[in-house]
Amino acid sequence: QQRIIDENSSYTYVRPHVQCDGQMVVIAVECGARNGSTGNPHVFTSLDGGATFTDKLIDTEQKLVDLQVSGRRWAILGNDMYWYYNMHWGNVYLTTSADAGQTVTTQNIAPLVLDNTSWCELNYMKGWNGNAFNYHPQMTLDGNVINVIFRGCAEALEDTSPTNDRNHTIFRRSTDFG
């Protein structure tokens, strides 16, 4: 038994996930302020079966949803969702590492319009009222293949009010690890 996270700080760690492949053990936790605000995921990677860990802080604020490991690769899935006067928007983030956490890449994989902006964010920025958001993401990882599924809006200006429920199940697939 060993302690890899020191809880004696102004932060709290929630939503722990653990996966392994051979001697590589990966633990991902969401780090948030003790006041309950969303934080950034920390990913702890061990190449010696859990005897020692390295820590990588993901610089994109998000709620940790899923962790998958394949060989020396790992991927975490996260999202954020904002609710403001009946306007809802959100993002789905995929963070990957192909080298056991030495380097990481984070991208917003919600349907994008321009400059990494999702339809959902665009709806909010334009002041359009509607329930445009992405939620319930899940993923699989097998070598270089990542499959992600989530519910969300698929088109700009789409009326996604609860009475019309045009939120779609969206499938994203990458065959080159992101």
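So, how was this worked out
Residues numbered from 1 in each chain as written. Predicted model: local features only at pLDDT ≥ 70, side-chain atom pairs only at ≥ 80, totals over all residues. Heavy atoms only, no water. Helix = DSSP H or I, 4+ residues; strand = E, 2+ residues; numbered from the N terminus. Buried < 20%, exposed > 50% of the residue type's maximum accessible area, 1.4 Å probe, protein only. Contact = heavy atoms within 4.5 Å. Areas by Shrake-Rupley, 256 points an atom, 1.4 Å probe, with all protein chains shown as cover. Phe/Tyr/Trp six-rings, centres within 6.5 Å; stacked < 30°, edge-to-face > 60°. Lys NZ or Arg CZ within 6 Å of the ring centre and 35° of its normal. Salt bridge = Lys/Arg side-chain N within 4 Å of Asp/Glu carboxyl O. Polar contact = N/O pair within 3.5 Å; in protein donor to acceptor, adjacent residues only side chain to side chain. Core = buried A, V, L, I, M, F, W, Y, C linked by side-chain atoms within 4.5 Å.

(A) Local environment of the overall build of the chain. What the chain contains, in helices and strands, is 1 helix and 13 strands. For the chain, the succession of helices and strands along the chain, N to C, is β-β-β-β-β-β-β-β-β-β-α-β-β-β. Burial analysis of the chain (178 residues in total) assigns 44% to the buried set. In the chain, the proportion of contacts linking residues at least 24 apart, taken out of those at least 6 apart, comes to 46%. Taken as a whole, the chain presents about 9,400 Å² of accessible surface, with 48% of it coming from carbon and sulfur.

(B) The packing of aromatic side chains, seen in detail. Within the structure shown, the criterion is met by 0 aromatic pairs. The positively charged end of Arg73 is found above the aromatic ring belonging to Phe177, 4.7 Å away from the centroid.

(C) Looking closely at the pattern of salt bridges. On inspection of all chains with the given rule, the structure shows 1 salt bridge. For Arg15, the salt bridge identified is with Glu30, shortest N-O distance 2.9 Å. With a gap of 15 residues between them, Arg15 in strand S1 (residues 11-21) and Glu30 in strand S2 (residues 24-33) connect regions that are remote in the sequence. For Glu30, a relative accessible area of 3% translates into the label buried.

(D) Expanded view of the side chain of Asn147. Counting through the fold element by element, Asn147 comes out in strand S12 (residues 145-152). Residue classification places Asn147 among the buried positions, given a relative accessible area of 17%. A polar contact is formed between the side chain of Asn147 and the side chain of Arg173, at a distance of 2.8 Å.

(E) Local environment of the nonpolar core. Among the nonpolar cores identified, the biggest contains 12 residues, and these are Ala75, Leu77, Val92, Leu94, Ile109, Met139, Leu141, Ile146, Val148, Phe150, Ile170 and Phe177. Where this core is concerned, the elements lending two or more residues are strand S6 (73-84), strand S7 (87-97), strand S11 (135-142) and S12. If one sorts the elements of this core by residue count, S12 sits on top with 3 residues. Not counting residues within four places of it along the chain, the set of residues in contact with Ile109 comprises Leu77, Val92, Leu94, Val148, Phe150 and Arg172. Counting residues in hydrophobic clusters, the runner-up holds 11 residues, among them Ala28, Leu64, Leu67 and Val69.

(F) Looking closely at unusual backbone geometry. Its identity is not glycine, yet Ala100 carries a phi of approximately 60°, on the positive side. If you trace the backbone, Ala100 turns up in the loop between S7 and strand S8 (105-108). Taking relative accessible area as the criterion, Ala100 reaches 3% and is therefore assigned buried. Although it is not a glycine, Phe177 sits at a positive phi angle of roughly 60°. Within the secondary structure, Phe177 sits in the segment after strand S13 (168-174).

(G) Inspection of the environment of Val29 at higher detail. Position of Val29 among the secondary structure elements: in strand S2. For the pair Val29 and Leu67, spaced 38 residues apart in sequence, the C-alpha to C-alpha distance is 9.7 Å.

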